[in-house]
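# Coordinates in review
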Amino acid sequence: MNQSEDIAIPLMNADRSVLACGAWLKNTVCLTHRSTAFVSSLIGDLGTAEARAQFDNTVQRMLRINPELPDVITHDLHPDFYSTQFAQAFSEQRQIPILPVQHHHAHIAAICAEHQVIRPVLGLALDGVGLGTDNLPWGGELLWVDGAQFERFGHLSTLALPGGDRAALEPWRMAAAALARLNRHNEIMLRYAGQPAAATVTSMLLKNFNCSQTSSMGRLFDAAAGLLGINLIQTHEAQAAVQLQQLAERFGPTPPLTQGYRLTADNELDFSPTLSALIDCRDNKDDEAFAAALFHATLVDGLSEWVMKAAEHYQISSVALGGGCFYNAVLRQGLERKLSVAGLEVLLPQRLPPDDRAISLGQAWVALQSKGL
C-alpha cells in the first residue's frame, strides 16, 4: 500500500492533526494534516491477524505524512475493537489526548466533512450495528448533529437479537423476533420447523434470554426477508437485504402500506404493522416481489415523515443520509426524492461510500470540531 492509494479530502477549520482509527468492519484509518484528511484504502474487517498487521502498518505509513505526532487520536465507542485498543495504547504511550466517537455520529460527521458543513444538520444513520451511548446495538438512528455534539432525536423501535451476533447471520431468527414482538410466538416453530434451533429460539424469546434489543435497520431488512421466506441463512453480508431490493426493483413502484408504521410520542419509528402484513404474503410466492416493493415504499414513507418531524422540531432544513443501508438504491432514491419535494436539502456521501469505510473520516471531523481538546 502506498500514499497514492489514500483518498485526500480537503478540510475547513483543520487546526490540528488527528489520527482516527475507524471501526471494526471495513476499517480504514484517517490522518488529518493541515487542510487535508487522508483516508487509507480499505483494510477490511479486523478479525484476523493479517488485517491487524495491515492496520498497524497503515498507521505507521500514514504517520510519515506528518513528521510530528498527531494532536488527538480517536476511536469507536466499542471497547473490544482492535482499533479502539490500539488507540488507547497509542494514546497512553505517546501521551496524547484521546476521543471516543459514537459510531452513527461518525457516519453523519463523515458526510459533513465531505460537504464542509459546519452548521447543525439532521443525520439519518441506517446500518447493521454500532454501539450506542447506552451500550446497546444501534442501527436505525435519527440524530441532530452539530460538529462534535449530537443528540439522538429518535430510533427505530427495537427488535430482539436471539442469540446475539448469530441473529445477524440468520434472518429467520430476526423473523422469529418479529413474530415474538407481534405476540405470535406460537408460529415460530410452524414457520421455521426446518431450523434445528427453532425451539431454542422460541424459548429464548419467551424468556427474554440472550436477546439484546437492537434498533438496527439492517436487522429489520433481515426480519422482512425471513418472514417472506426469501432468505433464512445468509452466506455473505447483506445478502437478504440485496435480495429484497432486487425483488422490489423487479416489481417496480407501489404505494406504501396504509398505516404501515407508527410514530410514538418519544419519536420511535415502529414498522410492526408492515412486518405483520408481510407474514400474510409468505404463502403466495407470486406476492414476494410485491411484498418487497411494499416494504421499501413503506420504509420510505415512514422515514420521510420521521425526518420531517425532526426538521420541524429543530428548525433544520438539511439532512445527511449515512450508513451501509444506503447502498440500497430503492431506499436511497425514494428518500432523496421525497425529502427534496418536502424542501429539505439532502446530503449524501460523495467520494467515500456510505458504509464503515467512512467512519475514520467522521471520527477525525468530530475531533476537529471539538473545542476542549
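For the structure, check the block above.
We now turn to the structure provided with this report. (Residues numbered from 1 in each chain as written. Predicted model: local features only at pLDDT ≥ 70, side-chain atom pairs only at ≥ 80, totals over all residues. Heavy atoms only, no water.)

### Some remarks on the pairing of strand β14 (residues 318-322)
Here β14 lies mainly inside the structure; five of its five residues are buried. Here strand β7 (residues 121-131) runs beside β14; their pairing, made up of four bridges, is parallel. Within the sheet, the bridge partner assigned to G123 lies in β14 and is A320. In this structure, β14 lies alongside strand β15 (residues 345-347), joined through three bridges in parallel fashion. In the sheet register, V319 faces β15, and the bridge partner there is V346. Regarding the hand of the β-α-β motif, the stretch spanning β14, helix α11 (residues 329-341) and β15 is right-handed. (Buried < 20%, exposed > 50% of the residue type's maximum accessible area, 1.4 Å probe, protein only. Helix = DSSP H or I, 4+ residues; strand = E, 2+ residues; numbered from the N terminus. Pairing = 2+ DSSP bridges. Right-handed = clockwise from strand over helix to strand, strands pointing away.)

### Some remarks on the side chain of S360
For S360, the location among the structural elements is in helix α12 (residues 359-369). On the accessibility criterion, S360 (0% relative accessible area) is buried. Discounting chain neighbours no more than four positions away, the residues touching S360 are A20, G22, T28, V29, C30 and V39. (Contact = heavy atoms within 4.5 Å.)

### Considerations on the sheet that holds strand β4 (residues 36-39)
Pairing is mixed across the open sheet formed by six strands, whose spatial order is β1-β4-β3-β2-β5-β6. Whereas interior strands pair on both sides, the edge strands pair on one side only; in this sheet they are β1 (7-10) and β6 (98-101). When the angles between neighbouring strand axes are averaged without regard to direction, this sheet yields 20°. In this sheet, β4 lies alongside β1 in antiparallel orientation, the contact comprising four bridges. Bridge assignment links P10 to a residue of β4, and that residue is T36. The sheet strands contacting helix α3 (residues 103-115) are β1, β5 (72-76) and β6, and the helix crosses β6 at an angle near 100°. (Axes fitted to C-alpha atoms, helices over the stretch in contact; angles between N-to-C directions.)

### Describing helix α4 (residues 171-181)
The element α4 is extensively covered by neighbouring structure, given that ten of its eleven residues are classed as buried. Buried residues of α4: P171, W172, R173, M174, A175, A176, A177, A178, L179 and A180, and no others. Looking at the buried residues of α4, the elements they touch are β10 (159-162), α5 (188-191), α6 (198-207), α7 (217-228), α8 (239-251) and α9 (272-279). Backbone geometry just downstream of α4 places N183 in the positive-phi region, at approximately 60°.

### Observations regarding the state of the cysteines
If you walk through the whole model with that rule in mind, you get zero disulfides. Lacking any disulfide linkage, C325 is separated from the closest cysteine sulfur, that of C112, by 19 Å. Look at C325 and you get buried, because its relative accessible area is 12%. (Disulfide = S-S within 2.5 Å.)

### Quick look at the sheet that holds strand β9 (residues 149-155)
Strands in a sheet are paired, the pairing made by backbone hydrogen bonds, and the direction either parallel or antiparallel. The five strands lie next to each other as β9-β8-β7-β14-β15, forming an open sheet whose pairing is mixed. The sheet terminates laterally at β9 and β15, the two strands that pair on one side only. Neighbour-to-neighbour, the strand axes of this sheet turn through a mean angle of 30°, independent of strand direction.

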